[in-house]
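Fold and contact review
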Amino acid sequence: MKTSPKRYENVDWLRVREALVLRALQLSRACDRVVDGATFEDLADQVMTEFLLHPDGMDWDPKKGPLEMFLRKTLDHRWVDGWRRHSKNEQAPVEQPVNPQAELEHDQFFEMIKRALEDQGDLLEVIEAVEILDGDYNIVNQEVAKLIGTTVKEVENRKKRLRRALTGLRI
Amino acid sequence: MSVKDQRALKRKKLLELLDAVFDPPDQLADDELGELHREIKPDEDPKDWLRAASAKAAQSYRLRGEKVPHHVQAALEATKPSSVEPPTLGGMMKHVDSLLSSGVPPLRLQPAPVSLRKEPDKELSEKDRAILEGLWNEISNEKRHTEEDDS
């Protein structure tokens, strides 16, 4: 694929890095063995480095959405497929053993958050409402607002607090 | 369904749930994203991190004798340190003048050790030329930007 300098004119590089670090942290909270023994920083660093070392920038096209979204989705895919740490010289991937015990932690993630937030009923309401939606997340904020009888703005505010709770290690 | 597929499916569902509860990070406002990043990695300046990562990537392209791709150049350009003003010719001349007028003795340059001297009969390899060309282009770009900024 041919690239041009113009393609990268509107990239907000700081957002790219920040979004990758935040997503990697969220995944590490969701599953302790998120990156098969490596840290969440490793996962964020690996995706960015992979992009930089790809001669065509992983064929990203602004038409596919902002770069931060493209690389965040790449990070998600790496995680879904089972991330493998690569050796320094980017040769054969190092296989890591799958720990079935670690998989249990996925299911317990929201239980863990709920326990941590038991004194913050309004935040718990949001999580429980999302769970009721059961995969129907097209207009999630509107649906959640309807379910708990509040405004979309209020749902957005509560979500902001939830994000801080998750990243700020207050759970 | 294999254990691997089951795991992938579980992880997909968890991702959907994560996005529904916390929203995808790339959809957050700049302020909030920056704030959360500072909370997660208080010692990291994302600009510095990107600068180092893209400089390292650029070096690896140059060492292979390849042109530094546009995306790496763009990342380098975007993360160029802004706190230090780029030197201008006028500024440097002023500095030289002030040094000369202050009576600072000229530097006494020692001859380079034999091992560091260039062997006059050694030809540059293609790889050397590519590296030099890459460096030259970078310096030219830097100079051009400095001139544009000055004007």
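Residues numbered from 1 in each chain as written. Chains lettered and ligands numbered in written order. Predicted model: local features only at pLDDT ≥ 70, side-chain atom pairs only at ≥ 80, totals over all residues.

**With respect to the overall build of chain B**
The helix and strand tally for chain B stands at 6 helices and 0 strands. Start at the N end of chain B and walk to the C end: the helices and strands fall as α-α-α-α-α-α. The 151 residues of chain B split such that 17% are buried. Counted over contacts in chain B with a minimum sequence separation of 6, partners at least 24 positions apart contribute 53%. (Helix = DSSP H or I, 4+ residues; strand = E, 2+ residues; numbered from the N terminus. Buried ≥ 20, exposed ≤ 12 C-beta atoms within 10 Å, placed from the backbone. Contact = placed C-beta atoms within 7 Å.)

**Thoughts on the environment of B:Ala52**
Residue and element names in this part refer to chain B. Tracing the sequence through the fold places Ala52 in helix α3 (residues 46–63). Taking the number of C-beta atoms within 10 Å as the measure of exposure, Ala52 has 11 and is therefore exposed. Between the C-alpha atoms of Ala52 and Leu76, which are 24 residues apart in sequence, the distance is 8.7 Å.

**A word on the interface of chain B and chain A**
Listed by partner, the interface residues are 45 residues for chain B and 51 residues for chain A. Those elements giving two or more residues to the side of chain B that touches chain A turn out to be α1 (3–22), α2 (30–40), α3 and α4 (70–78) of chain B. At 15 residues, the largest contribution of residues to the side of chain B that touches chain A is made by α1(B).

**Describing the domain arrangement of chain B**
Domain boundaries in chain B define domain 1 (9–44) and domain 2 (46–78 + 126–151). Centre-to-centre, using C-alpha coordinates, domain 1 of chain B lies 31 Å away from domain 2 of chain B. (Domains from an automatic or database assignment.)

**Quick word on the confidence of the model for chain B**
All names here are of chain B. Scored by pLDDT, chain B has a mean of 81; 77% of the residues are at 70 or more. Per-residue pLDDT, averaged within each element of chain B, yields its smallest value for helix α5 (residues 89–101) (70) and its largest for α3 (96). For this predicted complex, the interface confidence reaches an ipTM of 0.81, while the overall pTM sits at 0.70. (pLDDT = per-residue confidence, 0-100.)

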